[in-house]
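# Structural overview
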Amino acid sequence: MSDYKYVIVGAGLSGLTIAERIANELDEEVLIIEKRDHIGGNVYDFYKDGLLIQKYGPHIYHTKEKKVHDYLSQFTEWTDYVHRVLSCVDGKLVPMPICIDTLNQLYDLDLDENSMREWIDEHKEDIDEVKSSEDVVLKNAGRDIYNKLFKNYTEKQWGTSAANLSPSVISRIPFRFNHDTRYFDDPYQGMPKEGFTKMCENMIKSDKIHVGLKADYKDYIHRINYEKLIYTGPIDYFYDYKYGELLYRCLNFVYEILDEDSYQEVGVVNYPNHPYFTRITEFKKLTGQEVEGKTAIMKEYPGFNGEKCYPYPTQEYLDKFKLYEAEMEKEENVIFAGRLAKYKYYNMDLVVKGALEIFENEIK
């Protein structure tokens, strides 16, 4: 039998943050058990032909949380990067999220802030009660914007109509009456200078942190004496699917190395009306790498098989999660952390924020 006061299941940002705090603040030994063959969870990146590629699609660091930024800045320097996204519609590349420039380019207009508001007022639909993601767009922008930029993209991304999805899904996308084409307006934005994996490696440099990769915790946990288990994996798996499987929207990622300097104007281009993939990422545009004569792109294909990326935001599965949540509340020596255990989509900064709060409030 092995003795560890703390055992963490999962080497994503939640698990790594908590492990780092336990080792460096409490000076305790901690074991991380990870199913994959690498640390970092979905922010994992790697080098191929000198190009830094994010294995699980584009992850853009941005946050309003100074505490999170100060914490992560201990483990990486940052490359200046402001994320801009274009959407390919009607043969044009228009800025996303929707701003004055989007409408001007899409409809060959010359709007300013006041006339954009007038244009929107003319086209938006009167909806008394917003019940779905479709209602969000119709109420804020109208039917044509919905059809061109949101309808098909959402159906591809989620495998169902926006009419069936919670308003929160599309409400995450900002809508601006100005010329701000940035995707995020957070005060802290950038990319880790040497990549996310290097940042994650720096987080767990302590000799008190021990990591086991390619390991299912259920095969080993009975051989370990521990006081506290921190679980960041899928919650339905933790309870052996007692109430059935929770559904996740998955993504399959296909990357290519191309013998050219540049493939597209910006890091990410959305293709709302392409029949299969949703977007193309060109990683050099995100990382600022200067690799002559080569670039790496990645296409994303949504489905129900592949990497679990998004909890499925329908009432059926939210209700099923509540059954698991009731079980979670009964646990005495288990702490649940992260998006898979909480069945909620979090941006990476909120994953780190949540992990820091768990350490302060439930462990320290």
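Before any of the text, the structure's been laid out above.
Residues numbered from 1 in each chain as written. Predicted model: local features only at pLDDT ≥ 70, side-chain atom pairs only at ≥ 80, totals over all residues. Heavy atoms only, no water.

This part is about the overall build of the protein chain. Check the secondary structure of the protein chain and you find 13 helices and 19 strands. Taking 364 residues into account, the globule formula puts the C-alpha radius of gyration at 21 Å, and the protein chain, at 22 Å, falls close to it. Based on the C-alpha atoms only, the size of the protein chain along its principal axes is roughly 70 × 50 × 35 Å. The buried share among the 364 residues of the protein chain stands at 54%. (Helix = DSSP H or I, 4+ residues; strand = E, 2+ residues; numbered from the N terminus. Rg over C-alpha atoms; globule rule 2.2 N^0.38 Å. Buried < 20%, exposed > 50% of the residue type's maximum accessible area, 1.4 Å probe, protein only.)

The interhelical angle for the contact between helix 1 (residues 13-25) and helix 13 (residues 348-363), taken along N-to-C directions, is 40°, at an axis separation of 8 Å. Classified by the angle their axes make, helix 1 and helix 13 are oblique. Helix-helix and strand crossings are classified by hand; for helix 1 and helix 13 the assignment is right-handed. On helix 13, the residues touching Leu-13, Ser-14, Thr-17, Ile-18, Arg-21, Ile-22 and Glu-25 of helix 1 are Met-348, Val-351, Val-352, Ala-355, Leu-356, Ile-358, Phe-359 and Ile-363. Split by residue class, the contact of helix 1 with helix 13 holds eleven nonpolar, two polar and two charged. (Axes fitted to C-alpha atoms, helices over the stretch in contact; angles between N-to-C directions. Parallel < 35°, antiparallel > 145°, perpendicular 65-115°, else oblique. Left-handed = near helix turned anticlockwise from the far one by under 90°. Contact = heavy atoms within 4.5 Å. Nonpolar A, V, L, I, M, F, W, Y, C, P; charged D, E, K, R; others polar.)

With that settled, consider the packing of aromatic side chains. The full count for this structure, using the stated rule, is 27 aromatic pairs. A centroid spacing of 5.5 Å and a plane angle of 55° characterise the contact between Trp-158 and Tyr-310, whose relative ring orientation is tilted. Remark: Tyr-310 occurs in strand 18 (residues 307-311) and Trp-158 occurs in helix 6 (residues 143-158); sequence separation between them is 152 residues. Ring pairing ties together the aromatic residues Tyr-217, Tyr-231, Tyr-237, Phe-238, Tyr-239, Tyr-241, Tyr-243, Tyr-324 and Phe-336, which thus form one cluster. When the ring centre of Tyr-237 is taken as origin, the NZ or CZ atom of Lys-35, which lies over that ring, is 4.3 Å away. In this arrangement the basic side chain of Lys-218 is found over the ring face of Tyr-237, its NZ or CZ atom lying 3.9 Å from the centre. (Phe/Tyr/Trp six-rings, centres within 6.5 Å; stacked < 30°, edge-to-face > 60°. Lys NZ or Arg CZ within 6 Å of the ring centre and 35° of its normal.)

Following the sequence through the fold, Gly-303 ends up in strand 17 (residues 295-303). Sequence spacing of Gly-303 and Gly-159 is 144 residues, and the spatial spacing of their C-alpha atoms is 7.0 Å. With sequence-adjacent residues up to four places away left out, Gly-303 is seen in contact with Arg-249 and Cys-250.

Before going further, it helps to spend a moment on helix 5 (residues 133-140). Residues three or four positions apart in an α-helix share a direction because the helix packs 3.6 residues into each turn. By the criterion of burial, helix 5 is predominantly enclosed, with six of the eight residues buried. Taken as a whole, helix 5 has its buried residues at Ser-133, Glu-134, Asp-135, Val-136, Val-137 and Leu-138. Where helix 5 is buried, its residues meet helix 6 and helix 7 (167-171). N-cap assignment for helix 5: the residue whose side-chain oxygen lies 3.4 Å from the backbone N of Glu-134 is Ser-132. Looking one or two residues beyond helix 5, the residue adopting positive phi is Gly-142, at roughly 100°. (Polar contact = N/O pair within 3.5 Å; in protein donor to acceptor, adjacent residues only side chain to side chain.)

The next thing to look at is helix 11 (residues 315-328). An ideal rise of 1.5 Å per residue puts 20 Å on 14 residues; helix 11 measures up with 20 Å between its terminal C-alpha atoms. Among all positions in helix 11, only Tyr-317, Lys-320, Phe-321, Tyr-324, Glu-327 and Met-328 are buried. End-on, the buried residues of helix 11 take up no more than an arc of 105°, which puts them together on one face. Tucked into the core, helix 11 has its buried residues touching helix 9 (235-238), strand 19 (334-336) and helix 12 (338-342). (Expected span 1.5 Å × (residues − 1). Arc of directions from axis to C-beta.)

If you walk across this open sheet you meet the seven strands as 9-8-15-16-17-14-18, and the pairing is mixed. Looking at the sheet topology across the chains shown, the edges are occupied by strand 9 (92-96) and strand 18. Direction aside, the axes of adjacent strands within the sheet are offset by 30° on average. Alignment of strand 14 (residues 248-258) against strand 18, held across four bridges, turns out to be antiparallel. Bridge assignment links Tyr-248 to a residue of strand 18, and that residue is Pro-311. Relative to the sheet, helix 3 (residues 100-107) contacts strand 8 (85-89) and strand 9, its axis offset from that of strand 9 by approximately 165°. (Pairing = 2+ DSSP bridges.)

Pairing in this open sheet of three strands is antiparallel, and the strands run 6-10-7 from one edge to the other. Looking at which strands have only one partner, the edges of the open sheet turn out to be strand 6 (61-63) and strand 7 (78-79). In this sheet, strand 10 (residues 188-192) lies alongside strand 6 in antiparallel orientation, the contact comprising three bridges. Each bridged residue has a counterpart across the sheet, and for Thr-63 the counterpart in strand 10 is Tyr-188.

Attention shifts here to the pattern of salt bridges. Any two side chains of opposite charge can pair if their charged atoms end up close together. A complete count under the given rule lists 27 salt bridges for this structure. A salt bridge links Asp-216 to Lys-35; the shortest N-O distance between them is 3.8 Å. With Asp-216 in the loop between strand 11 (209-212) and strand 12 (224-225) and Lys-35 in the loop between strand 3 (30-33) and strand 4 (45-48), this residue pair connects regions lying 181 residues apart in the sequence. Owing to a relative accessible area of 16%, Asp-216 belongs among the buried residues under this scheme. Here Lys-35 falls in the exposed class, since its relative accessible area comes to 52%. One salt bridge in this structure joins Lys-148 and Asp-144, with 3.8 Å as the shortest N-O distance. With Lys-148 and Asp-144 both in helix 6 and four residues apart, this pair spans about one turn of that helix. (Salt bridge = Lys/Arg side-chain N within 4 Å of Asp/Glu carboxyl O.)

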